Amino acid sequence: MIDTLRIYESEAKDEGKGLFAGSGGVIEVQNDLGGPDFLNKWKGKTVEGVIERVISGDRLLARLLLTEKKHWQVMTLIAGIRTPSTARTNPSNGQVQPAEEFGDEARAFVESRLLQRQVKVKIVGVSPQGQLVAAILHPRGNIAEFLLQEGLARCNDFHSTFLGPDMAPLRAAEEQAKSARKRLHRAFVPKATDSKEAEATVTKIVGGDTIIVRNKTGAEKRISLSSVRGPRAGEAAEAPWREEAKEFLRKKLIGKHVKVSVDGTKPATDDFEAREVATVTQGGKNIGLQLIEGGYATVIRHRKDDTDRAPNYDELLAAQEKAQEEKKGIWSGKSPKVKNYVDVSESVQKAKIQVSTLSRQKKVPGIVDFCKSGSRFTILIPREGVKLTLVLAGVRAPRAPGRNAQEKGEPFGQEALDLANKRCNQRDCEIDVHDIDKVGGFIGDLYVNRESFAKVLVEEGLASVHEYSAQKAGNATELLAAQQRAKEARKGLWKDWDPSQDAQEEEQAAPVESADADVTIDNKPEDYRDIVITNVDSNGRIKLQEIGKGTAALETLMNKFRSFHLNPSNNAGLKDSPKAGDFVAAKFTEDGQWYRARIRSNDRTAKVAEIVYIDYGNTEKQPWSKLRPLSPEFNTQALKAQAIDAQLSFFQLPASPDYLNDAINYIYEITEGKELVGSFDFIDSKEGVSYITIYDPKAEGSHKVTESLNRRIIEAGWGLVPRKFKRWESSKAFESLVKNLKEAEKVASDAHRGMWEYGELYED
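Analysis parameters
- Starting afresh in each chain, residues are numbered from 1 along the sequence in its written order.
- Only residues with pLDDT of at least 70 get local features here, since the model is predicted, and only at 80 or more are side-chain atom pairs given and counted; chain-wide, interface and lining totals rely on the full set of residues.
- The side-chain values count all of the structure's non-hydrogen atoms but skip hydrogen atoms and water molecules.
- Only DSSP runs of H or I with at least four residues qualify as helices, and only runs of E with at least two residues qualify as strands; both kinds are numbered from the N terminus onward.
- Any pair of residues with heavy atoms lying within 4.5 Å of one another is described as a contacting pair.
- UniProt positions are given in the numbering used here, feature names are shortened, and annotations may be inferred rather than shown by experiment.
- At least two DSSP bridges between two strands are needed for those strands to be called paired.
- Under the scheme applied here, a residue whose accessible area is under 20% of the maximum for its type counts as buried, over 50% as exposed, and between as partly exposed, the area being computed with a 1.4 Å probe on protein chains only.
- Between N or O atoms, a polar contact is any pair within 3.5 Å; within protein, one atom must be a potential hydrogen donor and the other a potential acceptor, and residues adjacent in sequence are included only when both atoms are from side chains.
- In plain words, nonpolar cores are sets of buried Ala, Val, Leu, Ile, Met, Phe, Trp, Tyr and Cys residues tied together by side-chain atoms within 4.5 Å.
- Each reported salt bridge corresponds to a side-chain nitrogen of Lys or Arg within 4 Å of a carboxyl oxygen of Asp or Glu.
- The rule is short: rings of Phe, Tyr and Trp, with Trp giving its six-membered ring, pair when the centres are within 6.5 Å, and they are stacked under 30 degrees, edge-to-face over 60, tilted in between.
- Lysine and arginine charges are scored as sitting over a ring when NZ or CZ, respectively, is within 6 Å of the ring centre and within 35 degrees of the ring normal.

Engineer: How should I be thinking about the environment of Phe725 in this particular structure?
Structural biologist: Tracing the backbone through its elements, the reader meets Phe725 in the loop between helix H18 (709-715) and helix H19 (735-750). For the pair formed by Phe725 and Val54, sequence separation is 671 residues and the distance between their alpha carbons is 103 Å. For Phe725, the residues in contact, after removing those within four places along its chain, are Ser730 and Val738.

This is the structure we're talking about:
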């Protein structure tokens, strides 16, 4: 036997094998990867290897047989899995840390199959700690799959991007172990969520990862996209992209039909309610994936036991890695260009500048940013860089309830707002602008999907038509037809509609309800009404009430109103600081009685409001502490404000302050406490002013009943005929009336009465 061995040894020496090969026979072993060049060369390749040592179920010492004369012996993590840890000794204090449950079993499982075995090693990456990550391929398959199938490991999400499509078999193996409740998964409870796809419509984009959808029954719910997190406000690199992500979703989803597959729930936190997480697809495309691909969101790193995640989680991780490589969105290191919109409804001055530009254009593209009520919207106009308040022309929608409990709305106000949100909110739109109102709102038409929303609102019985405004806007025929259909169907506002009411209203309607100041009038209106003058302000503008049902109803209401405020239980003041336009109850300083009033302006430093008594037209300043909220039973829905703004027709007051005061006193003298007749010559609905000629049916002495008070004031020298007329005042229908007033002016001038005491005046 020994002789045979010597023969073999002699042959080995002669052939220079092994120990007898000299310097060239030594195999060099490297114990680290040596830098990025290793991965650049070998990533994605499968090489031969030998498992020298098993440290734990997912951590090995592998010898990579890369070349004949050089091997790499490195710490290797099994790609795609994480197993429980084994017992180990802390070198700093010598204490032994016990193994986690199934940790030793997982190591024994690997040792029995791989230790000192030659295997295939597929190199896929390197961990952040510089350790090799590789798939270890046993002759019968991937060892990771076997560990997962036996419940000895869990999938490692951090390796998903290394493995790509090869991660899918590992996920399937883990699901198999969960279903069988093996080892690590023995307490596994399947999700109770019904993951069946449901169809819905997206009604609102809440943020870069959250939407509100409405199902076929009309119920709405908030949905967060599974495993996707929109840009966070607290992250400097992400925060600038919040609006971009929201706009991306708005363009993709708002108003669109989607399929929703619920994957789980997000638990409630201090800031948010519990909500469902779901996979949302539109047109067969996964919305969460598109967000990640565009760099508009990041992938949530779930806890190992968190199963409420997207079914395509690995695909999301791969898309995020690609977006990072291509420096898209939040990964670009740059902030997007911020779109700043100038609020042109902030003041009347800004609105006047912008209205000329917008009114010349037709179908101006915009975005409905917010619905304030059924007929009032905030619109963004990207190409002009402005945002504005749009008021629908020709219609009036009921007022919606305010945010606090005191701000109660009108009947069907909430329904009108709900319809506006459903049809318009966040939608692309087109607008036609006709004019502006007194506070900077833009009056015009709103089109969503090429359909007039004013028509939709009226057709649903959630708005009424203001006929004159509709005529002016050019959409009266369409709106009145829609209103008639709503009446006949007894919808909304018209649920108690009686056709006979319309006939009565037509009979009682005034000949000229309203007109444009830039028109001529062919026939003088025969619109006479019994009136009483309630106030003449410092500018000479008259406040009047119409005598009849309105004043009778006001008297009844005021009796109840005063009794209400005499009750000590109703003496509570305003809870919040009042805003301009708010209706309140106020005690008039001169008579100590309570009246309905509206806030005209506020001095917030002194906490004093300037108020207008809406039924009489007089004004005064009152401390906030003396005001009370206006109870709903006394608001303008119960009885509209009775004071009407008016000016004397074809009449101008003196410009000099001294003569002006004398003129106002004279007007008081001949009108105070008298029941008069007003001829409504023209009603300017835009300015809210009625131009009237006043007659005293009980005139005495030298004054004739047919002589107007307008003439008496001019003849007394306390007014004059304007030198410049508005277009309607120049109408032939009023020629004789103007001539009569000019004759009165000449009488006053010749007699040097009032403002003419020093001779001829030429006032503009």
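Following the structure, the description resumes.
Engineer: Looking at this structure, how should I read the UniProt feature "domain: TNase-like" (unreviewed entry) in the protein?
Structural biologist: Mapped onto the present numbering, the UniProt feature "domain: TNase-like" (unreviewed entry) falls at residues 45-187, 196-333 and 362-496. Secondary structure across residues 45-187 divides into 26% helix and 36% strand, with the first and last C-alpha atoms of the span separated by 39 Å.

Engineer: Even after reading the chapter, I still don't get the pairing of strand E16 (residues 257-266), so can you show me in this structure?
Structural biologist: Two faces make up the sheet, and in a regular strand the side chains alternate between them. As defined by bridge partners, strand E12 (residues 198-205) adjoins E16 across four bridges and the pair is classed as antiparallel. Note on E16: the bridge partner recorded for Glu199 is Lys259.

Engineer: I keep staring at unusual backbone geometry and nothing clicks. Help me out?
Structural biologist: Most peptide bonds are trans, and most residues other than glycine sit at a negative phi. Unlike most non-glycine residues, Ser227 shows phi in positive territory, near 65 degrees. As for its placement among the helices and strands, Ser227 is situated in the loop between strand E14 (220-225) and strand E15 (228-229). Since its relative accessible area comes to 3%, Ser227 is described here as buried. Even without being glycine, Phe650 reaches a positive phi, approximately 55 degrees. Along the chain, Phe650 falls in the loop between strand E36 (644-648) and helix H17 (657-671). By relative accessible area, Phe650 is classed as buried at 0%.

Engineer: I'm lost on the side chain of Ser227 in this one. Help?
Structural biologist: In terms of polar contacts, Ser227 uses its side chain to reach the side chain of His302, at 2.9 Å. At a separation of 2.8 Å, a polar atom in the side chain of Ser227 contacts the main-chain amide nitrogen of Ala310.

Engineer: Where do I start with the nonpolar core in this structure?
Structural biologist: Most often, soluble globular proteins keep nonpolar side chains buried together rather than apart. Grouped together as the largest cluster of nonpolar side chains are 42 residues, with contacts concentrated most on Ile531, Ile533, Ile694 and Ile713. Within the residue set of this core, elements represented by two or more residues are strand E29 (528-536), strand E30 (542-546), E36, H17, strand E37 (676-684), strand E38 (689-695), H18 and H19. At seven residues, H17 tops the list of elements feeding residues into this core.

Engineer: Would you mind going over the pattern of salt bridges with me for this structure?
Structural biologist: It is possible for side chains bearing opposite charge to pair when their charged atoms get close. What the rule picks out here adds up to 38 salt bridges. In this structure, Lys122 engages Asp166 in a salt bridge whose closest nitrogen and oxygen atoms are separated by 3.0 Å. Note that Lys122 is positioned in strand E8 (residues 118-126) and Asp166 in the loop between helix H5 (160-163) and helix H6 (167-180), a separation of 44 residues in sequence. Classification of Lys122 by relative accessible area gives partly exposed; the value is 25%. Its salt-bridge partner being Lys674, residue Asp696 comes within 3.6 Å of it at the nearest N-O pair.

Engineer: Help me understand the pairing of strand E25 (residues 428-436), please; the structure alone is not making it clear to me.
Structural biologist: The pairing of strand E21 (residues 364-373) with E25 spans four bridges and is classified as antiparallel. Residue pairing across strands places Val364 opposite Ile431, the latter belonging to E25.

Engineer: What is the right way to read the side chain of Asn425 from this model?
Structural biologist: Relative to the helices and strands, Asn425 is located in the loop between helix H11 (413-423) and E25. The exposure class of Asn425 is buried, given its relative accessible area of 7%. Beyond its immediate sequence surroundings of up to four residues, Asn425 is in contact with Thr203, Lys204, Ile254, Val368, Asp369, Phe370, Cys371 and Ala420.

Engineer: Please explain the UniProt feature "domain: Tudor" (unreviewed entry) in the protein as it appears in this structure.
Structural biologist: Within this structure's numbering, the places UniProt gives as "domain: Tudor" (unreviewed entry) are residues 577-637. Spanning residues 577-637, this segment combines 0% helix with 46% strand, and its end C-alpha atoms are found 23 Å apart.

Engineer: Can you walk me through the packing of aromatic side chains in this structure?
Structural biologist: The geometry of an aromatic ring pair comes down to the distance between the two centres and the angle between the two planes. Applying the stated rule across the entire model yields 18 aromatic pairs. With a centroid separation of 6.3 Å and 80 degrees between ring planes, the pair formed by Phe588 and Tyr595 is classed as edge-to-face. Taking the centre distance of 5.9 Å and the plane angle of 80 degrees together, the rings of Tyr595 and Tyr613 count as edge-to-face. In this pair, Tyr595 is assigned in strand E32 (residues 594-603) and Tyr613 in strand E33 (residues 608-613), connecting sequence segments 18 residues apart. The pair Tyr595 / Tyr613 is uniform in exposure class, with both members buried. The aromatic ring of Phe109 is capped on one face by Arg113, whose charged end is 3.6 Å from the ring centroid. Geometry around Tyr313 places Arg309 over its ring, the cationic atom sitting 4.8 Å from the centre.

Engineer: In this structure, what is going on with the environment of Val277? I would like to understand it.
Structural biologist: Looking at the secondary structure, you find Val277 in strand E17 (residues 275-282). Separated by 165 residues in the primary sequence, Val277 and Ser112 place their C-alpha atoms 42 Å from one another. Val277 has contacts with Ser224, Ser226, Val262, Asp263, Gly264, Thr265, Lys266 and Asp308, leaving out every residue within four places of it along the chain.

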